[in-house]
Amino acid sequence: MSRVPAVRFKGFTDPWEQRKLKDLSTISTGFPFESTSFSDDGEYLVITNGNILAEEQYVLPYGGNKISLEHELIEQYGLNVGDVLVTMDGEVGRTAKVADERMVLAQRVGRLIAKNDPEFLYQWLNTGSFSRSMINIARGGTIKHISLAEIGAFEGVAPHDQNEIEKIGFFFRNMDHLITLHQRKYDKLCTIKKSMLDKMFPRPGELVPEIRFEGFTDPWEQRKLEELMLFQNGFNGGRESFGSGTPLISVMDVLSESFITHESIRAKAVVSPKERERYLVEYGDVLFQRSSENQEDAGTSNIYLDQEKSAVFGGFVIRGKRIADYDPPMMKYLLSSRMVRQQITSCAQGAQHINVSQDTLQSVEVFLPSFLEQHQIGAFFQKLDHFITLHQRKLELLKNVKKSLLDKMFV
């Protein structure tokens, strides 16, 4: 096994050494809190395995059970910024780092206090070999367990030179900071979009939206979807029909964040000329998810936005064939508004799968402004979606760069 990483900082040439986790950190667990001790006005958040699993990287003092404790227990079990936490039950070997204080650790969660650099320790454990090792040695049936001794016995290769340890930790700390900044920008844009969907379309019981573009004052017109489009279920062919032929819009295309175009469609099906005519999808048609696993996603929709090429649609999709003049981009966002979603989800039915019918969609009521106002609304949300996509791509790129560097800067 090589003891030299593929990428190193200039000036470091010595091979890395085999080190045990207990030699790099002090390892302990938390206090066996009783649920009867929890209090809504408690000063400290009790950190359990669930808190670590719920957060991708940082553990922050928000949500969950809170408690008030005596000073002695706070001194012993209170967490400090930089502590590394490890799940010991269930999904074992998952890690997170403490980014804020005002938290105390519960029993059966591992706490690692680094003897050198906490950031290096956290990144060292996130190269993948630690979690794989913990999963392999975990005991138990449905719920797996690991011990503090097993965590401490984990062996990996690490630098002996403290300066190299600190440089690696500093580098990844800055990279994580950059990733966090982009994540916040992305989350903020998503929040803005959600808020604008709420304010630029009428809310339930209202006739006009809270926010409108300058110059538009006319009331919006109430319509039912059956006045705007004709509904039909999709193509159901035998197994031999799928894999080649005409692009076939499926639920995966409907659930995409982007508009559906001819090039973006994933599936294909061989259809006869008569079937192609029956299941034809053209510019401005709406595609609805017919069946979902939960009520919230019932009847999710998307728009076919290709003006040059047509497609067909599959059996788990309902098509709304456009028969009235509306702005297609605007329609996608209108159907995502709270007023429309509430109408659809409240009528969806089913046990294992939640289904939406053509009758339900036909009866959905919407409010439409003039075509010019529709166009401006659609263009606004398209531009907002463009910014969201750009930030999402930057975020994914940074995460991929970090993953690659973790592979190359650790052994």
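Residues numbered from 1 in each chain as written. Predicted model: local features only at pLDDT ≥ 70, side-chain atom pairs only at ≥ 80, totals over all residues. Heavy atoms only, no water.

Draft legend 1. Expanded view of the overall build of the protein. For the protein, the helix and strand inventory stands at 14 helices and 22 strands. Over its C-alpha atoms the protein spans a radius of gyration of 27 Å, topping by over 25% the 22 Å that the globule rule assigns to 411 residues. A separation threshold of at least 6 residues defines the contact pool for the protein, and within that pool the share at least 24 residues apart is 79%. For the protein, the exposed surface amounts to about 21,600 Å²; the carbon and sulfur share of it is 50%. When the 49 basic and 55 acidic side-chain charges of the protein are each reduced to a single mean position, those positions are 5 Å apart. (Helix = DSSP H or I, 4+ residues; strand = E, 2+ residues; numbered from the N terminus. Rg over C-alpha atoms; globule rule 2.2 N^0.38 Å. Contact = heavy atoms within 4.5 Å. Areas by Shrake-Rupley, 256 points an atom, 1.4 Å probe, with all protein chains shown as cover. Lys, Arg positive; Asp, Glu negative; His and termini not counted. Charge placed at Lys NZ, Arg CZ, Asp CG, Glu CD.)

Draft legend 2. Up close: unusual backbone geometry. Backbone geometry places Arg 102, a non-glycine residue, at a positive phi of 65 degrees. Mapping Arg 102 onto the fold places it in the loop between strand E7 (95-98) and strand E8 (103-105).

Draft legend 3. Structural context of the environment of Gly 42. Among the secondary structure elements, Gly 42 is positioned in the loop between strand E2 (25-28) and strand E3 (44-47). In this structure, the C-alpha to C-alpha distance between Gly 42 and Asn 65, residues 23 residues apart in sequence, is 8.4 Å. Apart from residues lying up to four places away in sequence, Gly 42 is in contact with Lys 66, Ile 67 and Ser 68.

Draft legend 4. Examining the sheet that holds strand E14 (residues 267-269) more closely. One open sheet holds the four strands; their spatial order is E14-E13-E19-E15, and the pairing between them is mixed. The two strands at the open ends of the sheet, each matched to only one other strand, are E14 and strand E15 (280-281). Pairing analysis gives two bridges linking E15 to strand E19 (residues 311-313), with the strands arranged antiparallel. Residue pairing in the sheet places Val 281 in a bridge with Ala 311 of E19. (Pairing = 2+ DSSP bridges.)

Draft legend 5. Region of interest: the sheet that holds E8. Judged by pairing direction, the sheet is mixed, and its three strands sit side by side in the order E5-E3-E8 without closing on themselves. Both edges of this open sheet fall to strand E5 (66-67) and E8, since each of them pairs with a single strand only. When E3 meets E8, the two strands line up parallel, connected through three bridges. Its bridge partner lying in E8, Val 46 is registered against Val 104.

That's the geometry; what it means functionally is another story.
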